[in-house]
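# Examination of the molecular architecture
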Amino acid sequence: MIKKLLLPLLFLNSLISFSQEIVSATLVDLKKNRDVFQTINNDKNEVTLFISDKEKVKAIRLNEKMQIADSISTERPNTRTYSNMIGYNSSNDNTRLFWSSNDYEDVFSQLYDFTSRKVVTQQYSLIFKNEKVLQKFSGNENFYILSVIKKSNNFKLHIFDKDGAHKEQIINLDGFRFFRYGYTKTDLYGVFEENLLPFEVPFTLQNINVKNPTSLTDAAKKRKCYFDNNQIIITLDANIDYTQVITLDLINFVATEKMIKKRSIATSERHFLNSNSFFFDNKLYQVKTSSELFYFTIKDLNDNLIKEYQANAINPIDFKNSEFYQEGGAFGGKRTLDNSSQFIRKINNLNTAISCYHIGQSTLVTFGGVSASQQSGGQAAMSQFGLIGALAGVAFFSPTMESFNSYSNKKVVKIESLFDSQENHIKGDLQPLAFDKIRTFFDDNNNVSSQTLFKTDYYYLGYYDNKTKEYIIRKFVD
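Each residue is numbered by its place in its chain's sequence as written, counting from 1. At least 70 in pLDDT is required for a residue's local features to be given in this predicted model, at least 80 for side-chain atom pairs to be given and counted, and no such filter applies to totals for whole chains, interfaces and linings, which use all residues. Side-chain measures were taken over the full set of non-hydrogen atoms in the model, leaving aside hydrogen atoms and water.

### What to know about the overall build of the chain
Our working rule: In this description a helix means any DSSP run of H or I spanning at least four residues, a strand means any run of E spanning at least two, and both kinds are numbered starting from the N terminus. Burial here depends on accessible area, computed with a 1.4 Å probe over protein chains only, as a share of the maximum for the residue type. Under 20% is buried, over 50% is exposed, and the range in between is partly exposed. Note on contacts: a residue pair qualifies if any of its non-hydrogen atoms lie within 4.5 Å across the two residues. Residue exposure ignores everything except the shown protein chains as possible cover, and the areas themselves are Shrake-Rupley values with a 1.4 Å probe.
Across its full length, the chain holds 7 helices and 32 strands. Out of the 478 residues in the chain, the part that is buried amounts to 51%. The long-range share in the chain, meaning contacts at least 24 apart out of those at least 6 apart in sequence, stands at 50%. Here the chain has roughly 22900 Å² of accessible surface; of this, 48% comes from carbon and sulfur atoms.

Rendered as structure tokens:
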């Protein structure tokens, strides 16, 4: 009997160990103001980690097994001027790292050349007098800063190419239809100027990476974007009746527009309706709710319906693979909700969200709602006047890491559902994802800092062990 129990326990222990094994560790004595992020060479399956403190930056090149292959160290740029690490691009398998001032007008680059063992620097002076920076992207051997020009229908791209040259490119959206909430006509600038507080600050555009699970906090934003090297997809969901999809072509620098209708709900109290969307696999996954109704629709970008699911008190949500789950709120802690009606009512009173993630050939869809942060009056005032923008660069280092803190000080209600390639619901229990295992790791290990998370063939978590003064990389498997 003991043998029968012991073998499964040993097998389970081996699975747990494999799911979070240490693949690399290096001694690094870091000072204060530590930052870290990584670049990935998908062709060679190599990763370069950049670990910086207030004095130096260390670039550590990892091979396909995540073992240290090489490293270069250099001085950190002047912290008084260059406060944020904002992006990177690639040049002949080497990486150029970009730093900037809070207003982005002073930019400094460092090209880490592992062949010559040199770090080549360059300075840029940009002018953003009539622009508002929205987002930053790295890919296609370029680094992009996307901004919107004041009182216009124009985006502007600041492009830094693989040789370090900088150019500006206007993308004109004249002729597109733009409305604020409630169908007040405006221009492109007005769409981003719109105040969606307390949940969404003006002139913000949430960047979504669909290769990783997306938190409901990020998915609940009404202004989102998706980058895939040759184009930027922007979705606007402030209006309850449609999703506006804008595609920016990064080859020809032209824009196209699609208006994808949301499910109609007949009511005399439209201000009590809620909706949102998620762009995934070149399709638009939309959710729309009232206090009693729940609609989940999947459409192509020509507004053709692919699949629709609906629920109410009489027809409960039967396309789910998890319990109705609530975390935080007035009572704190975690609990399970009783039924579909309770779930629908709660998410309709929050910021409704939907997110998608691939598990093999299947799609994991998370439905739910999330509240705004419970913050002090001083913090709320800072958000309203854009002062938190000074911290925006922090999210660049590892936007995936934001998912692990995104539910703190918030009320979250959610369920998870699994669908096949034809968008049919798959019944059964869900297995823990790498993200679940990483959350468990953080629950048990709180004396770590400078975390970063990236994915090649598996998920890799990098962190600084404050006790051993090592930078450690662990592998996690879905």
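### Examining the packing of aromatic side chains
Heads up, the rule is: Any Phe, Tyr or Trp ring, taking Trp's six-membered ring, that has another such ring centre within 6.5 Å forms a pair; planes under 30 degrees apart are called stacked, those over 60 apart edge-to-face, and the others tilted.
Overall, the coordinates contain 37 aromatic pairs when judged by the stated rule. Arranged with centres 6.2 Å apart and planes meeting at 25°, the rings of Y285 and F296 form a pair that is stacked. Of the two residues, Y285 is situated in strand β22 (residues 283-289) and F296 in strand β23 (residues 294-299); the sequence distance between them amounts to 11 residues. On the numbers, 5.5 Å between centres and 80° between planes, the contact of F294 with F367 is edge-to-face. Taken together, the positions of F294 in strand β23 and F367 in strand β28 (residues 362-370) put the pair 73 residues apart, joining distant regions of the chain. F367 sits in the buried class, given a relative accessible area of 0%.

### Considerations on the sheet that holds strand β29 (residues 412-419)
We count it as follows: DSSP bridges decide pairing: two strands pair if at least two such bridges lie between them. All axes are obtained by fitting lines to C-alpha atoms, using only the stretch in contact for helices, and the reported angles, taken between N-to-C directions, cover 0 to 180 degrees.
Pairing within the open sheet is antiparallel, and its 5 strands lie in the order β26-β25-β29-β28-β27. Sheet topology places β26 (334-336) and β27 (351-359) at the edges, where each strand pairs with a single neighbour. Each strand axis lies, on average, 25° off the axis of its neighbour in the sheet, ignoring direction. Pairing geometry for strand β25 (residues 325-327) and β29, over 3 bridges, is antiparallel. Counted as the bridge partner of E327 is V412 from β29. Its contacts with the sheet place helix α4 (residues 340-348) against β25, β26, β27, β28 and β29, and it is angled at close to 115° to β29.

### With respect to the sheet that holds strand β2 (residues 35-41)
The sheet built from 4 strands is open, its strands ordered β2-β3-β4-β5 with antiparallel pairing. At either margin of the open sheet sits one strand with a lone partner, and together these are β2 and β5 (68-75). Strand after strand, the sheet turns through a mean of 15° between neighbouring axes, direction not considered. Strand direction decides the pairing type here: β2 and strand β3 (residues 46-52), joined by 7 bridges, are antiparallel. Within β3, the position partnered with V36 by the bridge is I51.

### Remarks on the pattern of salt bridges
Pairing between side chains of opposite charge can happen when their charged atoms approach one another. To keep it simple, the criterion reads: For this document, the term salt bridge refers to a Lys or Arg side-chain nitrogen within 4 Å of an Asp or Glu carboxyl oxygen.
This structure, assessed with the given rule, holds 15 salt bridges. Salt-bridge contacts for E193 lead to K151; the nearest nitrogen and oxygen are separated by 3.7 Å. In this pair, E193 is assigned in helix α2 (residues 188-193) and K151 in the loop between β11 (142-149) and β12 (154-160), connecting sequence segments 42 residues apart. Members of the salt-bridge network, linked through shared partners, are E131, K156 and E168.

### Overview of empty space enclosed by the protein
Stated formally: Using a 1 Å grid laid over the protein atoms alone, points where a 1.4 Å probe fits but cannot get out form a cavity; open sets with protein on both sides within 12 Å along at least 5 of 7 lines form a pocket; any residue with an atom within 4 Å of a point counts as lining. Grid points are joined across faces, edges and corners, and a volume is the space filled by probe spheres set on the points. The nonpolar class holds Ala, Val, Leu, Ile, Met, Phe, Trp, Tyr, Cys and Pro. Asp, Glu, Lys and Arg form the charged class, and all remaining residues, Gly among them, are polar.
All told, the structure shown has 3 cavities of 30 Å³ or more when counted by the stated rule. Taken as a whole, the largest cavity holds about 100 Å³ of empty space. As for the largest cavity, its lining consists of F179, V191, E194, L196, K222, R223, L236, D237, A238, N239, Y242 and Q244. Here the residues of the lining of the largest cavity are counted per class, giving 6 nonpolar, 2 polar and 4 charged. Taken as a whole, the second largest cavity spans an internal volume of roughly 40 Å³. Lining the second largest cavity are S24, A25, T26, L49, I60, L62, I68, Y471 and I473. Looking at the lining of the second largest cavity, the elements that each hand over two or more residues are β1 (22-27), β4 (56-62) and β32 (470-476). Considering every element that reaches the lining of the second largest cavity, the biggest residue donor is β1, with 3 residues. Looking at the lining of the second largest cavity residue by residue, the class counts come to 7 nonpolar, 2 polar and no charged.

### Some words on the nonpolar core
We count it as follows: To define a nonpolar core, start from buried Ala, Val, Leu, Ile, Met, Phe, Trp, Tyr and Cys residues and group those joined through side-chain atoms within 4.5 Å.
Membership of the largest hydrophobic core comes to 40 residues, with the highest contact counts inside it found for F278, F294, F296, I317, F343, I354 and F367. Not counting the four nearest positions on each side in its chain, F367 is found in contact with L216, F294, F296, F319, F343, A353, I354, V413, K414, I415, S417 and F419. Residues L146, I159, I171 and L188 belong to the second largest nonpolar core, which totals 27 residues.

### Considerations on α4
The α-helix winds at 3.6 residues per turn, so residues separated by three or four positions along the chain end up facing the same way. Using the following cut-off: Between N or O atoms, a polar contact is any pair within 3.5 Å; within protein, one atom must be a potential hydrogen donor and the other a potential acceptor, and residues adjacent in sequence are included only when both atoms are from side chains.
Where burial is concerned, most of α4 is hidden: 7 out of the 9 residues are buried. Residues S340, Q342, F343, I344, K346, I347 and N348 constitute the buried set of α4. Backbone nitrogen of S341 and a side-chain oxygen of the N-cap are separated by 3.3 Å at the start of α4; the cap is N339.

### Digging into the environment of F192
Tracing the backbone through its elements, the reader meets F192 in helix α2. The class for F192 is buried, based on a relative accessible area of 0%. Sequence separation between F192 and L134 is 58 residues; the distance between their C-alpha atoms is 8.6 Å. If sequence neighbours within four positions are ignored, F192 has contacts with L134, F155, P202, F203, T204, L205, R223 and L236.

Remember that the coordinates give geometry; whether it matters functionally is a separate question.
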